[in-house]
Amino acid sequence: NPDVWLTGIRAEETEHRRQLGMVSLDARGLLKIAPLFFWTQSELDDYLSRHRLPSCRHYFDPTKVYAGRECGLHTAA
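Reference entry: report on the structure contained in this document. (Residues numbered from 1 in each chain as written. Predicted model: local features only at pLDDT ≥ 70, side-chain atom pairs only at ≥ 80, totals over all residues. Heavy atoms only, no water.)

### Here we look at the environment of Leu44
Within the element layout of this structure, Leu44 appears in helix α2 (residues 41–50). Expressed as a C-alpha distance, the spacing of Leu44 and Arg10, which sit 34 residues apart in the sequence, is 9.8 Å. Ignoring sequence-local partners within four residues, the contact set of Leu44 consists of Arg10, Leu36 and Trp39. (Helix = DSSP H or I, 4+ residues; strand = E, 2+ residues; numbered from the N terminus. Contact = heavy atoms within 4.5 Å.)

### Focus on the sheet that holds strand β2 (residues 23–25)
Read from one edge to the other, the open sheet built from three strands follows the order β1-β3-β2, with strand pairing classed as mixed. Both outer strands of the open sheet, β1 (4–6) and β2, are each paired with one neighbouring strand and no more. Averaged over all pairs of adjacent strands, the angle between their axes in this sheet comes to 20 degrees, without regard to strand direction. Where β2 lies against strand β3 (residues 31–33), three bridges are found, and the strand directions are antiparallel. Bridge pairing in β3 places Ser24 opposite Lys32. (Pairing = 2+ DSSP bridges. Axes fitted to C-alpha atoms, helices over the stretch in contact; angles between N-to-C directions.)

Function cannot be read off these values alone, since they describe shape.
Right, here's the structure in full:
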């Protein structure tokens, strides 16, 4: 059971995520830190390209199915 969780969520992804902030505490008491929270999609794409990193858009996430849907990791009670 971690005390701190580093996450790649960004504010512009969903309305729910905009409400969380760069640092949030969930109902379980887990401190979540999102260092990329204020990055735009363009900034993220540039960074990934510059460092030759893969994008999460290149795989299917069965927990989301539709764009903009929460997977549940950041809505857990």
